[in-house]
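This is what each chain is made of:
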Amino acid sequence: MMTTDEFICQKMALFLVLCTLWFVRTAVLVSAENTFNKRAGLNVECLGSVMRLTFDKSLAFGSHLAVGAINGSQTVPLTPDLAAKCGYSMESDPWGNTKLYTSLLSCFTKNQQDQIFDIGLRLQMYGNQVSEDDVHEIKQTCEYKQWASREILCERNFMEVSVNRFPPEMSIPKQQSQDRKGFQSGASPEAPTSLCNIWRMVFYTPKEKPMMLEDAQKAGYGVSTTPFRLVLRSPYNMAETYTQNVNGVQMSVFKVTTYFKREWAVTMMDTTAACPTGGLHFTDDMITWYMPRVITPLTTFQGHDILELYMGIDGKRIDLAHMNVMGYTLALTDSQIIVTLPVGGPDGYHKSHALKYEYHTTYSIEPMLEILWLEAKSDLTRYKVHYPITTPPRLQQSQMTDNTVAEKGCFDILLGTFLHDVELMNITFSTGVLTVEEASARGFNVQQHGFPNGSKAFTIQVPFSDPVVVKASVNRASTTYTLPLIFGFIILPEYTPFPQPALVEITLQDIILPTVRGICDEENFYVFVEFGNQGKNFNIMVGKQDLADLYTEYGIQENSTHMNMTVPFLANGVVFELAYESSVRGRFDMMLWDPVNNWNIKNFSLACNFPLTMTECFSNGTMTALAVKVESASHVVPSQLALNDPSCKPTFSNSRFAYFSFDANSCGTTRMFYDDVMVYQNEVSLVNRRGASPQDSLKNGLVSGYVEQEYRLTVSCYYMLNDTQTVTFFTKPRRYEPFAESGVGELKVRMRLAKDPSYKTFYEEKDYPLVQYLREPLFFEVQLVQSADLRIELVLDNCWAVVNDGVSTMSWDLIVNGCENLKDRYQTTFHPVAFDERVQFPLHIKRFEVKMFTFVKDNAILRDQIIVHCEAVICDINQTDALCKRRCPQHGSRTTIKGRRSTSLEQLHRMHVSSGKVVLSNF
C-alpha cells in the first residue's frame with residue numbers, strides 16, 4: 001500500500017499533466033531549424049537564477065503561440081495559471097518583441113544537485129492548420145552555484161522564495177552525501193524535509209490560515225523541493241497574500257510556514273516573499289522607482305549589511321558605464337534604494353493609445369534590482385525583482401503646423417509627430433470623407449515623413465481653389481479661405497481609431513473690385529462696367545431701382561467679364577440737376593451692391609449737359625414752354641403746374657415734364673417794350689402759389705400739409721418791332737449743296753500721369769506731389785473727354801516743364817510744334833494708342849514718355865516741384881492745314897523747330913492742361 005506522502009506526490013504529478021493549453025496572444029512565429037537556439041533574432045541567456053529567451057520582431061508573421069514545457073519525454077502545455085504556479089513568465093510588446101523568463105527552480109527543469117539546470121521549451125504556432133514545421137524545441141543548460149540561504153524572485157506574474165531545506169541543526173543523509181548524482185527533486189525519502197513529508201502549511205494573511213499540501217496546490221500555489229532547497233511560488237493577488245506599506249512602498253507579501261512530519265519529529269520552515277507593487281513616481285521626463293532599504297516583512301534586523309547591489313534591464317545586470325550612457329542612476333540612502341530612468345530611453349519603448357478618442361502615449365521599460373544582504377552574520381538573502389513599468393497615459397496635444405505660403409496658392413499643413421504605430425487612414429473634409437488614396441488621386445499631396453527616432457509626421461497640400469475649401473469675403477477686397485479637416489488615425493496592431501481635428505485659414509487681398517467708367521454724347525450716357533476677378537457677383541442699382549427692372553429700356557450688352565449700357569438721357573433713372581435755356585444737365589447714378597454681405601461695392605455718378613429746347617417762339621404768336629422736374633424740386637408733380645392763369649394747364653405731362661403751348665395774348669401773358677424789342681412773358685409755377693387755400697390743396701391732393709411750394713419758371717419771347725425778312729428764290733439748281741459754317745463749342749481736355757506704360761492705372765490727386773528718381777520714366781496721357789465725335793482728333797502742339805525756385809521761373813521744352821525737342825539729350829518718346837475696353841476713341845488720346853530730370857541753377861541741383869504743361873489742339877480729321885497734319889523731322893536733320901506759337905484763329909481750338917507736381921527723390 002502507498003503511504004500518504006507517496007499518494008500526495010502522485011496526485012501532484014497527475015495535476016500537472018492534465019492542465020489545459022496556455023495560449024499567449026503574440027505576433028511571433030519562428031521557422032523550423034534544428035539549431036533553433038542559433039536562429040537570427042533569437043537569444044537565450046542564463047541570467048543568475050533565471051533563463052531568458054528573447055524573440056526579435058523580425059521573426060513575427062503569425063498571431064498565436066502555444067508554449068509547452070518539456071518534462072522528460074512529455075510536453076506539458078503551459079497555461080497562464082500553470083506558468084505562474086511553475087515559474088514561467090512571458091511578455092510581448094505590441095510588435096512581437098517577446099521575452100520569456102524561466103526560473104531555474106521551475107517545475108519542469110532537470111536539476112542536477114542545484115548546480116546544473118537543463119531547461120526545455122516547445123513552441124508551436126496555433127492557427128487553423130498546424131503542421132510539423134510550426135513546432136520547435138529549445139533546450140538550454142544553465143549553471144548556477146551561488147545559492148544564498150534565501151533566494152527571492154519577483155516576476156511579473158509570480159513571487160518565488162526558496163530556502164535551504166537543510167537547517168544547520170539538520171544533517172544531510174549519508175546516502176545523499178555519498179551519491180548526489182541520482183538525487184532528483186523531491187525524490188529522496190531519507191530527507192526529512194522532502195515534498196512528500198509535508199504535513200500541512202500555514203499561510204499568513206496576516207492571520208493564520210492552515211491548508212493541506214493538496215489544497216494549496218489546487219489553489220494555485222507552487223510547492224516543490226530540490227536536492228537542497230524548498231521552493232514556494234505564489235501568483236499575485238491570491239487570497240492568502242496581503243498588501244503591506246513598507247516605508248512608503250506598497251508591497252505584496254507571501255508568508256508561509258511549512259510543517260514536515262516523520263514518525264519521531266516535526267520540522268517547521270518559515271518562508272516569506274515580498275514584492276513591490278508601488279513605489280513609482282512619474283514626471284514628463286523621468287521615472288523614479290523607490291524601494292525600501294530594509295524590507296521589514298523579510299527581516300526585522302535593522303542592521304543588516306547590503307553586500308551587493310545591482311541594477312539591470314530586462315533581467316540582465318548593467319555596468320556603471322552603461323548606466324551613465326543611458327542616464328540611469330542608482331542611489332542608496334538610509335531608508336531607501338532609489339532608481340531613476342529617463343522617459344524615452346532606448347531600453348524601453350513608446351506606445352500609442354486612444355483614450356476617449358484622444359491621442360495618448362506611454363513609455364514602458366523593465367528595470368531589475370538585485371540585492372544581496374547579510375543578516376545575523378551567516379544568513380544571506382538574494383533578492384531579485386523584475387519590475388515592468390509603464391508610465392501613465394500622457395495626452396499629446398495636436399501639433400499642427402501651418403506652412404501655407406499665399407503665393408503658392410494652396411494650404412500646406414504638417415501634422416505630427418506621432419509614434420511609429422500610428423497610421424493615417426482617411427481625412428474628413430467639408431464635403432465628405434476621403435481615404436488617403438482617394439485624396440492623393442484628387443490632387444491633394446498627402447505624404448508620410450519618417451524620422452531617425454522612429455516617429456513620423458504627415459503633410460497635406462490642398463489648393464485654395466478646391467471645393468473642400470470654404471471661401472468667405474471678409475470685406476470688399478479680401479477673401480478668407482478656410483480648410484476644416486479631421487484626420488482619421490488608427491493605432492496598430494489594435495486598430496484603435498482616434499480623430500485629430502485641424503483648422504487652417506488665410507485671408508488674401510485677392511479680390512479685384514469692379515470698375516465703372518462712362519462718357520456722354522448729345523443723347524446718351526455710355527457706361528462700361530468691368531466685373532473684376534469675381535465675375536458678376538453683385539447687383540446693380542440705378543437710383544432706387546434694380547437694373548433688372550430697366551433692362552429693356554437700356555441698351556445692355558454683357559459677357560462674362562464686362563457690361564456695356566447705353567442710357568438715353570430721357571430714360572428712367574436719370575436725374576435732372578439743372579435746366580438751362582437750351583439744355584438740361586442730367587446725372588446717371590449707379591451703385592454696385594453685394595446682396596449676400598449687404599456691402600456697397602462701388603458708387604458711380606456721371607453728369608453731362610444735353611441739348612434740349614426749353615422755349616420756342618413762333619412768328620404766328622404761339623409760345624411753347626417745357627418745364628422740367630429737377631432734383632432740387634423733387635416734390636413737384638408736373639401735372640399740377642400751370643401758367644399765370646391757373647386754368648392754363650400743361651398740354652402734355654408725365655412724371656418728369658410738363659409741356660405748355662399757348663398764344664402770346666392768353667394765359668396771363670404779359671407784354672413789355674424795350675427799345676426795338678417787344679417781350680412776351682409768362683411764368684410756370686405750382687397752382688397753390690396763386691392763392692389756393694390749404695383746404696383746396698388738400699382737396700386736390702397737392703400736398704400732405706400746407707407748405708409753401710417753390711417752383712417758378714419764366715417763359716420769355718422776344719420779337720423785333722421793325723424787321724424785314726427776305727426770301728431768296730433760285731430758278732436754277734445750285735451747283736453745290738449748302739453746307740454748315742464752322743461754329744465754336746466747349747470741349748474738355750485733361751492730363752493724367754500713368755503708373756506704368758500699360759496706361760491702365762493713374763495717379764490720383766491725393767498722390768501728388770509724386771517723388772521720382774532721376775531718369776525714372778514718367779508716362780503722360782492727354783485726353784479729350786465727354787466727346788464721342790469720331791470726326792475730331794486731339795493733337796499735341798507744345799509741352800514744357802517749369803520749376804519755380806521762388807526767385808525766377810525756369811522752363812524746358814519737351815514737345816515743340818507737335819514734335820520731340822531735338823535739343824533734349826533724353827528726348828520725349830511718343831506711345832501709340834490702340835482701341836481697348838477703356839479706350840473707345842483712340843484719336844481723342846495722346847501719350848508720351850519723359851525721363852525724370854531736374855533743373856540746375858548756379859551748378860546746384862534744384863529739388864523744387866516740377867509741373868508739365870501742354871497745349872492741345874482739336875482738329876477735324878479732314879483738315880489739311882499744317883497745324884493738324886504736322887510732320888516731325890527725322891533725327892539728325894537740319895530742320896529748325898521754332899518755339900511755341902499760337903495764332904488767334906488756332907486759339908479757338910486750343911486747350912491748355914497741366915500735370916500734378918513731381919519732386920526729385922533725395923535717395
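Since this is a predicted model, take the numbers as computed values, not measurements. (Residues numbered from 1 in each chain as written. Predicted model: local features only at pLDDT ≥ 70, side-chain atom pairs only at ≥ 80, totals over all residues. Heavy atoms only, no water.)

**A closer look at the overall build of the chain**
Alright, step 1. Of the regular secondary structure elements, the chain holds seven helices and 70 strands.
Alright, step 2. Relative to its 923 residues, the chain shows a buried fraction of 45%.
Alright, step 3. In the chain, 64% of the contacts between residues at least 6 apart in sequence involve partners at least 24 apart.
Alright, step 4. For the chain, the accessible area works out to roughly 49,000 Å², and carbon and sulfur atoms hold 51% of it. (Helix = DSSP H or I, 4+ residues; strand = E, 2+ residues; numbered from the N terminus. Buried < 20%, exposed > 50% of the residue type's maximum accessible area, 1.4 Å probe, protein only. Contact = heavy atoms within 4.5 Å. Areas by Shrake-Rupley, 256 points an atom, 1.4 Å probe, with all protein chains shown as cover.)

**Side note on the pairing of strand S11 (residues 150-154)**
Alright, step 1. The buried count for S11 comes to five of five residues, which makes it a mostly enclosed element.
Alright, step 2. The pairing of S11 with strand S12 (residues 158-164) spans five bridges and is classified as antiparallel. Looking at S12, one finds that Cys154 is bridged to Met159.
Alright, step 3. Taken together, S11 and the strand that follows it, S12, pair antiparallel across an intervening segment of three residues.
Alright, step 4. Where S11 meets strand S29 (residues 379-386), five bridges bridge the pair, whose relative direction is parallel. Residue Ile152 lies in a different strand from S29, and its bridge partner there is Tyr383. (Pairing = 2+ DSSP bridges.)

**Some thoughts on unusual backbone geometry**
Alright, step 1. Of note, the amide linkage connecting Thr205 to Pro206 takes the cis form, showing an omega dihedral of 10°.
Alright, step 2. When you line up the elements, Pro206 lands in the loop between strand S13 (198-204) and strand S14 (208-211).
Alright, step 3. Along the chain, Tyr768 connects to Pro769 via a cis peptide bond; the corresponding omega equals 0°.
Alright, step 4. Within the fold, Pro769 resides in the loop between strand S58 (748-754) and strand S59 (770-772).
Alright, step 5. Positive phi values are uncommon outside glycine, yet Gln113 reaches one of about 55°.

**Brief notes about the layout of surface pockets**
Alright, step 1. Approximately 1,200 Å³ is the volume attributed to the largest pocket.
Alright, step 2. If you go around the largest pocket, you meet 39 residues; those closest to its centre are Val516, Arg517, Arg752, Lys760 and Arg838.
Alright, step 3. Among the secondary structure elements, those contributing two or more residues to the lining of the largest pocket are strand S41 (515-520), strand S42 (524-530), strand S46 (562-568), strand S49 (599-611), S58 and strand S60 (777-785).
Alright, step 4. The dominant element in the lining of the largest pocket, judged by the number of residues it contributes, is S41, at five residues.
Alright, step 5. Its residues assigned to classes, the lining of the largest pocket comprises 17 nonpolar, 11 polar and 11 charged. (1 Å grid on protein atoms, 1.4 Å probe; cavity = no way out; pocket = protein on both sides within 12 Å on 5 of 7 lines; lining within 4 Å. Points joined across faces, edges and corners; volume = space filled by probe spheres on them. Nonpolar A, V, L, I, M, F, W, Y, C, P; charged D, E, K, R; others polar.)

**Here's the deal with the side chain of Lys351**
Alright, step 1. Tracing the sequence through the fold places Lys351 in strand S26 (residues 349-355).
Alright, step 2. Engagement of the side chain of Lys351 in a polar contact is seen with the backbone oxygen of Leu492, the distance being 3.4 Å.
Alright, step 3. Only 3.2 Å separates the side chain of Lys351 from the side chain of Glu494, close enough to count as a polar contact.
Alright, step 4. Excluding its chain neighbours within four sequence positions, the residues that come into contact with Lys351 are Pro94, Trp95, His360, Thr361, Thr362, Leu419, Asp421, Ile491, Leu492, Pro493 and Glu494. (Polar contact = N/O pair within 3.5 Å; in protein donor to acceptor, adjacent residues only side chain to side chain.)

**Some words on the pattern of salt bridges**
Alright, step 1. Enumeration according to the criterion identifies 33 salt bridges in this entry.
Alright, step 2. Among the ionic pairs, Glu160 bridges to Arg233, the shortest N-O distance being 2.7 Å. A residue pair is termed long-range when its members are at least 10 positions apart, and Glu160 in strand S12 and Arg233 in strand S16 (residues 229-235) qualify at 73 residues.
Alright, step 3. In this structure Glu160 comes out as buried when scored by relative accessible area, which is 5%.
Alright, step 4. Relative accessible area serves as the criterion here: at 1%, Arg233 is assigned to the buried category. (Salt bridge = Lys/Arg side-chain N within 4 Å of Asp/Glu carboxyl O.)

**Remarks on the packing of aromatic side chains**
Aromatic ring pairs: the centre-centre distance and the angle between the two ring planes describe each pair.
Alright, step 1. Tallying each qualifying case throughout the model produces 29 aromatic pairs.
Alright, step 2. For the ring pair Phe458 and Phe489, a centre distance of 5.5 Å and an interplane angle of 50° mean the geometry is tilted. On the criterion of sequence distance, the pair formed by Phe458 in strand S37 (residues 456-463) and Phe489 in strand S39 (residues 478-491) is long-range, its members being 31 residues apart.
Alright, step 3. When the centroid spacing of 4.6 Å and the interplanar angle of 5° are considered together, the rings of Phe569 and Phe610 count as stacked. With Phe569 in the loop between S46 and strand S47 (574-579) and Phe610 in strand S49, this pair connects stretches of sequence that are 41 residues apart.
Alright, step 4. For Phe569, a relative accessible area of 8% translates into the label buried.
Alright, step 5. What links up through ring pairs into an aromatic cluster is the set Tyr359, Phe418, Phe458, Phe487, Phe489 and Phe498. (Phe/Tyr/Trp six-rings, centres within 6.5 Å; stacked < 30°, edge-to-face > 60°.)

**Some remarks on the sheet that holds S58**
Alright, step 1. Spatial strand order, S58-S60-S65-S64: four strands in an open sheet with antiparallel pairing. Two strands in the sheet have a free side with no partner beyond their single neighbour: S58 and strand S64 (829-831). The sheet shows a mean angle of 25° between the axes of neighbouring strands, direction not considered.
Alright, step 2. Taken together, the seven bridges between S58 and S60 define a ladder with antiparallel strand orientation. Of the residues in S60, the one forming a bridge with Leu753 is Phe780. (Axes fitted to C-alpha atoms, helices over the stretch in contact; angles between N-to-C directions.)

**Focus on the nonpolar core**
Alright, step 1. The biggest cluster of nonpolar side chains holds 56 residues, and the ones touching the most others in it are Phe525, Tyr554, Met565, Phe588 and Met590.
Alright, step 2. Counting residues in hydrophobic clusters, the runner-up holds 52 residues, among them Met211, Leu230, Leu232 and Phe254. (Core = buried A, V, L, I, M, F, W, Y, C linked by side-chain atoms within 4.5 Å.)

**As for the pairing of S46**
Alright, step 1. As paired elements, S42 and S46 share seven bridges and run antiparallel to each other. Following the sheet pairing, Val527 is matched in S46 by Met565.
Alright, step 2. Bridge count for strand S45 (residues 555-558) against S46 is four bridges, and the pairing is antiparallel. Considered in S46, the bridge of Gln557 is made with Asn564.
Alright, step 3. What sits between S45 and S46 in their antiparallel hairpin is a turn of three residues.

**Some remarks on the sheet that holds strand S51 (residues 622-628)**
Alright, step 1. Strand order in this open sheet of four strands is S50-S51-S54-S53, and the pairing throughout is antiparallel. Both edges of this open sheet fall to strand S50 (615-617) and strand S53 (652-653), since each of them pairs with a single strand only.
Alright, step 2. Inspection of the sheet shows S50 paired to S51 by three bridges, in the antiparallel sense. Among the inter-strand pairings, Thr615 is bridged to a residue of S51, identified as Ala625.

**Let's talk about the state of the cysteines**
Alright, step 1. Scanning all chains against the criterion turns up seven disulfides.
Alright, step 2. Between the sulfur atoms of Cys617 and its disulfide mate Cys717 the distance is 1.8 Å. Classification of the bridge connecting Cys617 and Cys717 rests on its S-S torsion, roughly -90°, and on that basis the disulfide is left-handed. In this pair, Cys617 is assigned in strand S50 and Cys717 in strand S57 (residues 712-720), connecting sequence segments 100 residues apart.
Alright, step 3. Taking relative accessible area as the criterion, Cys617 reaches 37% and is therefore assigned partly exposed. (Disulfide = S-S within 2.5 Å.)

**Notes on the confidence of the model for the chain**
Alright, step 1. Across the chain, the average pLDDT comes to 82, with 82% of residues at or above 70.
Alright, step 2. The secondary-structure element of the chain with the lowest mean pLDDT is strand S1 (residues 23-25), recorded at 31, while S11 shows the highest, at 97.
Alright, step 3. In this model, residues 1-37 is a region of pLDDT below 50 whose contacts with residues beyond four sequence positions or in other chains number 88 contacts. (pLDDT = per-residue confidence, 0-100.)

**Some remarks on the side chain of Arg52**
Alright, step 1. Within the secondary structure layout, Arg52 lies in strand S3 (residues 50-55).
Alright, step 2. On the basis of relative accessibility, which here comes to 9%, the residue Arg52 falls in the buried class.
Alright, step 3. Side-chain polar atoms of Arg52 contact the side chain of Glu45, separated by 2.3 Å.
Alright, step 4. At a separation of 2.6 Å, a polar atom in the side chain of Arg52 contacts the main-chain carbonyl oxygen of Asp314.
Alright, step 5. Beyond its immediate sequence surroundings of up to four residues, Arg52 is in contact with Asn43, Val44, Glu45, Leu47, Leu100, Tyr101, Ile313, Asp314 and Lys316.

**As for a nonpolar patch on the surface**
Alright, step 1. A cluster of nonpolar side chains, contributed by Trp199, Met212, Val266 and Met268, occupies part of the molecular surface with about 390 Å² of accessible area.
Alright, step 2. Position of Met268 relative to the elements: it lies in strand S19 (residues 266-276).
Alright, step 3. Among the residues examined, Met268 registers a relative accessible area of 54% and is labelled exposed. (Patch = residues over 30% accessible without salt bridge, like charges linked within 9 Å, V, L, I, M, F, W, Y side chains within 5 Å.)

**Here's the deal with the environment of Lys471**
Alright, step 1. Along the chain, the position of Lys471 falls in strand S38 (residues 470-475).
Alright, step 2. Its relative accessible area of 43% is what places Lys471 among the partly exposed residues.
Alright, step 3. With 34 residues separating them in the primary sequence, Lys471 and Glu505 have C-alpha atoms 9.5 Å apart.
Alright, step 4. Non-local contacts of Lys471, meaning those with residues more than four positions away in its chain, are made with Phe464, Ser465, Asp466, Thr479, Thr480 and Tyr481.
Alright, step 5. From its side chain, Lys471 meets the backbone oxygen of Phe464 in a polar contact 3.4 Å long.

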